[in-house]
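So the chains spell out like this:
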Amino acid sequence: MAKRTKISKFRELYPVIEDLLTTYTQEGVVEILAERHDLTLTTGTLTSYLYQHRKKLKELSVATDNSSSDIEIKPEVREQVFVDLYSSDPIQESNTDASDEPYVQPTHEELDTAMKRFEAKLANKRNRSLLDK
């Protein structure tokens, strides 16, 4: 019978190792693996194996996630209420459904313009509050 490699034993025990790491330090996990599972590792090797295996799992996860990239995801809008910042009365209420109006992603220029308007309003409020003092 061929002798199994440490990495193959590690891969088989990976779920157990992750579970042990929630309770024990890496040093403790190394001891438990040696005593209970006949897997002798150093903490450095354990760290390296964990890094490699988690990286591989992440790559596999990303690869499977990208396969569904052709699915269109519509944002869901349930209710919008616009409120005047100086009073609590609603200015406008609207119940919209995502299927009523198509979602159009704003351009960078539109976002920049909106941000500049917001910053100007904020600056005006700060100036007013400084004058009130």
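Draft legend 1. Local environment of the overall build of the protein. Helix and strand counts for the protein stand at 4 helices and 2 strands. Going from N to C terminus, the protein has its helices and strands arranged as α-α-α-β-β-α. For the protein, with 133 residues in total, the buried portion stands at 14%. Of the contacts formed within the protein by residues at least 6 apart in sequence, a portion of 39% connects residues at least 24 apart. Summed over its atoms, the accessible surface of the protein is roughly 11,500 Å², and 53% of this surface lies on carbon and sulfur atoms.

Draft legend 2. Examining the nonpolar core more closely. Counting 14 residues, the largest nonpolar core has F10, I17, L33 and L46 as the members making the most contacts within it. Of all the secondary-structure elements, those providing two or more residues to this core are α1 (6–21), α2 (26–37) and α3 (43–66). When residues of this core are assigned to their parent elements, the largest contribution, 5 residues, is made by α1. Setting aside residues up to four positions removed in sequence, L33 forms contacts with L13, I17, D38, L39, L41 and L46.

Draft legend 3. Examining a nonpolar patch on the surface more closely. Together, M115, F118 and L122 make up an exposed nonpolar region whose accessible area comes to about 280 Å². You can see F118 is positioned in helix α4 (residues 108–132).

Draft legend 4. Broad picture of unusual backbone geometry. The backbone of D38 shows a phi angle near 55 degrees, a positive value even though the residue is not glycine. Looking at the element boundaries, D38 is found in the loop between α2 and α3.

Draft legend 5. How the structure looks around the pattern of salt bridges. Here the structure, examined in full by the defined rule, presents 3 salt bridges. For D38, the salt bridge goes to K9, with nearest N and O atoms at 3.9 Å. With D38 in the loop between α2 and α3 and K9 in helix α1, the pair connects residues that are 29 residues apart, well separated along the chain. We classify K9 as partly exposed; its relative accessible area is 22%. The closest approach of N and O atoms between R54 and E18, which form a salt bridge, is 2.8 Å. Placement of R54 in helix α3 and of E18 in helix α1 is noted, with a sequence separation of 36 residues between them.

The rules behind the values
Residues numbered from 1 in each chain as written. Predicted model: local features only at pLDDT ≥ 70, side-chain atom pairs only at ≥ 80, totals over all residues. Heavy atoms only, no water. Helix = DSSP H or I, 4+ residues; strand = E, 2+ residues; numbered from the N terminus. Buried < 20%, exposed > 50% of the residue type's maximum accessible area, 1.4 Å probe, protein only. Contact = heavy atoms within 4.5 Å. Areas by Shrake-Rupley, 256 points an atom, 1.4 Å probe, with all protein chains shown as cover. Core = buried A, V, L, I, M, F, W, Y, C linked by side-chain atoms within 4.5 Å. Patch = residues over 30% accessible without salt bridge, like charges linked within 9 Å, V, L, I, M, F, W, Y side chains within 5 Å. Salt bridge = Lys/Arg side-chain N within 4 Å of Asp/Glu carboxyl O.

That is the geometry; function is a separate question.
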